[in-house]
Amino acid sequence: MLDIQLFRDHPDLVREGLARRHQGTEAVDQVIEMDLLRRGLLQQVESLRAEKNQASKEIGQSKDPDQRQERITAMRALGDQLDALEKELAELEPALGALLGTFPNLPDERVPVGADDSENQVVKTVGDKPEFDFEPRPHWDIGPALGILDFERGVKLSGTRFYVLNGPGARLQRALISFMLDTITKHGYEERYTPFMVKEEVVYASGQLPKFGDNLYHDHEEDFWWVPTAEVPLTSLHKDEILEEGDLPISYTAYTPCFRREKFSAGREVRGIKRGHQFDKVEMYVFCKPEDSESQFERMLENAERICQLLGLPYRVMNQCTGDLGFAASYTADIEVWAAGCQEWLEVSSVSNVRDFQARRAAIRYRPEGGKGTRFVHTLNGSALGLPRVLIAVLENNQQEDGSVVIPEVLRPWMGGVEVIGPR
RNA sequence: GGAGGGGUGCCAGAGUGGCCGAUUGGGGCGGUCUCGAAAACCGUUGUGGUCCGUAAGGGCCACCGUGGGUUCGAAUCCCACCCCCUCCGCCA
C-alpha cells in the first residue's frame, strides 16, 4: 500500500513510478479526487457528530422533562441528516481503500526500466560452469533413468505439471530443505512452521491480492487460500502489531510448499520439473527499521548466495528490471543457478526490499525508542532457495557418464551417508 | 457437531443505558527521598483519522472480539458471525 500522503503531496512521484512499470496513471487522479471528497465528507460528519454528542450529554443532565423532549426531537432530525452523510462516507472509504490497494510499490531509482525478465541485468557471475567429457543430460532423462523421478504417476494422481519423487530422489529433496533451513538458521533467522492455508486478508496483506488471485488456489466454501510462498504467512505473523524498536530486526525462515495455478505460463515450460503447481521453498523474511532495510537486503542476498556456494552451484545475480519487478517490491535481485543438462540459468531466488509497502497493508509498526508515535517497519523477503530448481541443478551438474549422480558433500549428513545415487 | 462459560487498555480485572477512553491493582516511564539501590510517595502511561499551527502543541471524531440494529445517547440492550476455555461426540 502506498501512503495516501504521497498522492496529496507528490503525485508526480507516483505517476513516474507507475510509468516506469509501464502502467497507466489515470487512477492517480481518481485517488486524489476521492481523497478530497472523503475529507470533505468526513469534516461534515464529524462536526455533526460533535454537535450530537454535546446535545446528548446535555439531555442526560437536563432535569426538565419538557425541555428534554424538545431537544430529543431536534436531535432526531439531526440524526437523519447524519445518517445520510455517514452512508455516503461508508461507501466512499472502502472504495478508496480498494483503489489504493491496486497500486504496486514504486520502483527504486536503481531498477532498470525494461519490458520483461529478458531485460534484467547481470550484476555478477560466480563459479564456473561444470565441464563434461560426455553430453550432459537434462534432469527429465536423468531422473527417470535412475528411477527417482516418476512423471507418469504424478500425472495419474494430479495431472500435468505434477510428479513423484522416489527413494533417494525424495530423500535428496528432503536433504536440501533441511540443509537450507539449518544453514539459514545459523545466519540468525529463526525458524517458523506456518499454516499452508491462510485467510484472504493475509494474502492481501503481502500484496498477492487483489491483483493476482487468478494465480492462487483457494477453497470456495471457506476462507482458505493456499500459500503461493511462505512470504505470505510470514508477512502476517506480526500483522496489526506494534513492535518495540529493541526487538528489530526480526529475522525468520520457513519451509513451506508453494501452490500456484501458473495460469500465465499455460503450455510453457512444461518439460521437466522446473515449473509445477506445487513446489517447495525455504524462505527468509526480515522486519526491520527503515534505515536498516538497505543493509538487511545485502545480508539476505549474501545468505542466499551462500547456499549456492555451499552446494557448489555456479550462479549469477541479476538486477530485476521494472517489467519483472514484483507488485510489492521496490527492488529485487534474482539469483539464477546454472543447470548443465537443460543448459539454462534457473531462477532459484528473488531477494526483495519491500520497504513499508507490506507493513502498511498489514499494519506492522514499531515504537521508536525515546521518540513518540509509531512508524511502519520495512520488510524484506527472499528465497533460500526454490527447490525443484536447485534439485535440477544438483542432478544435472553432478551427473556422471554412467548416469549416476554424485551427492554434494554438504548434503551427505542428511542423506544417511549416501554419496552417489546410482541406477536401481 | 452438541451443551455451557467467556472475549474490556501492556497484563490482571471492574464496569448492565448518560457523570466511561473507560474504577482499581500490577508493569513501564519520569520524579522525590538515598552515597547508591530497595521500599515508600507523587506524576505519567493506547491507536488511528481529521482540522488549525512553520513548529511545539491544540480542537474534534472513531475505536471495549467483528459486523449490523435499537436509542437523543451503547462497553452496557438486541441480532448474526469469529475466536478462546470446559465437558460430550467424532477423528489423523
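Residues numbered from 1 in each chain as written. Chains lettered and ligands numbered in written order. Predicted model: local features only at pLDDT ≥ 70, side-chain atom pairs only at ≥ 80, totals over all residues. Heavy atoms only, no water.

Chemist: Would you mind showing me how to read the overall build of chain A here?
Modeler: Scanning chain A from N- to C-terminus turns up 12 helices and 18 strands. Residues classed as buried in chain A amount to 50% of the 424 residues present. The long-range share in chain A, meaning contacts at least 24 apart out of those at least 6 apart in sequence, stands at 74%. Summing over all exposed atoms, chain A offers an accessible surface of approximately 20,400 Å²; the carbon and sulfur share of this is 48%. Here chain A holds 50 positive side-chain charges and 70 negative ones, and the gap between their average locations is 2 Å. (Helix = DSSP H or I, 4+ residues; strand = E, 2+ residues; numbered from the N terminus. Buried < 20%, exposed > 50% of the residue type's maximum accessible area, 1.4 Å probe, protein only. Contact = heavy atoms within 4.5 Å. Areas by Shrake-Rupley, 256 points an atom, 1.4 Å probe, with all protein chains shown as cover. Lys, Arg positive; Asp, Glu negative; His and termini not counted. Charge placed at Lys NZ, Arg CZ, Asp CG, Glu CD.)

Chemist: When you look at the sheet that holds strand E8 (residues 242-244) in this model, what are you seeing that I'm missing?
Modeler: Paired through backbone hydrogen bonds, the strands of a sheet run either parallel or antiparallel to each other. Pairing in this open sheet of three strands is mixed, and the strands run E8-E14-E15 from one edge to the other. The sheet is open, and its two edges are formed by E8 and strand E15 (375-376), each paired on a single side. By the bridge criterion, two bridges tie strand E14 (residues 365-367) to E15 in an arrangement that is antiparallel. Directly across from Arg-365, in E15, lies its bridge partner Phe-376. (Pairing = 2+ DSSP bridges.)

Chemist: Can you walk me through the protein's contact with RNA strand B in this structure?
Modeler: Taken together, the neighbourhood of RNA strand B is formed by 22 residues, with Arg-8, Arg-68, Arg-76, Lys-372 and Thr-374 sitting nearest. For RNA strand B, the fraction of atoms within 4 Å of the protein that belong to sugar or phosphate moieties is 75%. One nitrogen or oxygen atom from the side chain of Arg-68 is found 2.6 Å from a base oxygen belonging to RNA strand B. Within the side chain of Arg-76, a nitrogen or oxygen atom sits 2.3 Å from a phosphate oxygen of RNA strand B. Taken together, the elements giving at least two residues each to the surface near RNA strand B come down to helix H3 (26-61), helix H4 (65-100) and E14. Top contributing element to the surface near RNA strand B by residue count: H3, with 12 residues. The class makeup of the residues in the surface near RNA strand B is six nonpolar, five polar and 11 charged. (Near = heavy atom within 4 Å. Polar contact = N/O pair within 3.5 Å; in protein donor to acceptor, adjacent residues only side chain to side chain. Nonpolar A, V, L, I, M, F, W, Y, C, P; charged D, E, K, R; others polar.)

Chemist: Mind showing me how you'd approach the pattern of salt bridges here?
Modeler: Side chains carrying opposite charge are able to pair once their charged atoms draw close together. Inspection of the entire model under this criterion finds 24 salt bridges. Between Glu-86 and Arg-49 there is a salt bridge whose closest N-O contact spans 2.9 Å. Highlighted residues: Glu-86 in helix H4 and Arg-49 in helix H3, separated in sequence by 37 residues. On the basis of relative accessibility, which here comes to 25%, the residue Glu-86 falls in the partly exposed class. Linking Arg-275 and Glu-262 is a salt bridge whose minimum nitrogen-to-oxygen distance equals 3.1 Å. (Salt bridge = Lys/Arg side-chain N within 4 Å of Asp/Glu carboxyl O.)

Chemist: How should a nonpolar patch on the surface be read in this particular structure?
Modeler: The grouping of Met-197, Phe-224 and Trp-226 at the surface amounts to a nonpolar patch, some 270 Å² of accessible area in total. Structurally, Phe-224 can be placed in strand E7 (residues 224-226). (Patch = residues over 30% accessible without salt bridge, like charges linked within 9 Å, V, L, I, M, F, W, Y side chains within 5 Å.)

Chemist: Got a minute to help me understand the sheet that holds strand E4 (residues 190-192) in this structure?
Modeler: Here eight strands make up an open sheet; going across it, the order is E1-E11-E12-E13-E16-E10-E9-E4 and the pairing mixed. The sheet is open, and its two borders are formed by strand E1 (121-126) and E4, each paired with just one other strand. The average angle at which neighbouring strand axes cross in this sheet is 25 degrees, direction not considered. Two elements, strand E9 (residues 250-259) and strand E10 (residues 278-288), share 10 bridges in a ladder whose sense is antiparallel. Note that in E10 the partner of Ala-254 across the bridge is Glu-283. Its contacts with the sheet put helix H10 (residues 293-311) on E1, E9, E10, strand E11 (315-319), strand E12 (331-339), strand E13 (344-355) and strand E16 (378-386), and the angle it makes with E16 is roughly 5 degrees. (Axes fitted to C-alpha atoms, helices over the stretch in contact; angles between N-to-C directions.)

Chemist: Explanation requested: the layout of surface pockets in the structure shown.
Modeler: It is the rolling of a water-molecule-sized probe over the atoms that shows where space remains empty. When its volume is computed, the second largest pocket comes out at roughly 420 Å³. The wall of the second largest pocket is formed by 20 residues, among which Leu-6, Asn-105, Leu-106, Pro-107 and Arg-355 lie closest to the centre. Looking at the lining of the second largest pocket, the elements that each hand over two or more residues are helix H1 (4-9) and helix H2 (11-20). With four residues, H2 is the largest single contributor of residues to the lining of the second largest pocket. Counting residues domain by domain, the lining of the second largest pocket receives three or more from each of domain 1 (4-100) and domain 2 (117-421). (1 Å grid on protein atoms, 1.4 Å probe; cavity = no way out; pocket = protein on both sides within 12 Å on 5 of 7 lines; lining within 4 Å. Points joined across faces, edges and corners; volume = space filled by probe spheres on them. Domains from an automatic or database assignment.)

Chemist: What am I meant to see in the packing of aromatic side chains here?
Modeler: Two aromatic rings, taken as a pair, are described by how far apart their centres are and by the angle between their planes. Here the structure, examined in full by the defined rule, presents 11 aromatic pairs. With a centroid separation of 6.0 Å and an interplanar angle of 80 degrees, the aromatic rings of Tyr-252 and Phe-287 are classed as edge-to-face. On the criterion of sequence distance, the pair formed by Tyr-252 in strand E9 and Phe-287 in strand E10 is long-range, its members being 35 residues apart. Look at Tyr-252 and you get buried, because its relative accessible area is 6%. (Phe/Tyr/Trp six-rings, centres within 6.5 Å; stacked < 30°, edge-to-face > 60°.)

Chemist: Hey, could you run me through the environment of Glu-347 in this one?
Modeler: In this structure, Glu-347 sits in strand E13. Once the C-alpha coordinates of Glu-347 and Lys-274 are considered, the two residues, 73 residues apart in sequence, prove to be 9.6 Å apart. Every residue in contact with Glu-347, bar those within four places of it in the chain, is listed here: Asp-334, Ile-335, Glu-336 and Arg-389. Only 3.0 Å separates the side chain of Glu-347 from the side chain of Ser-350, close enough to count as a polar contact.

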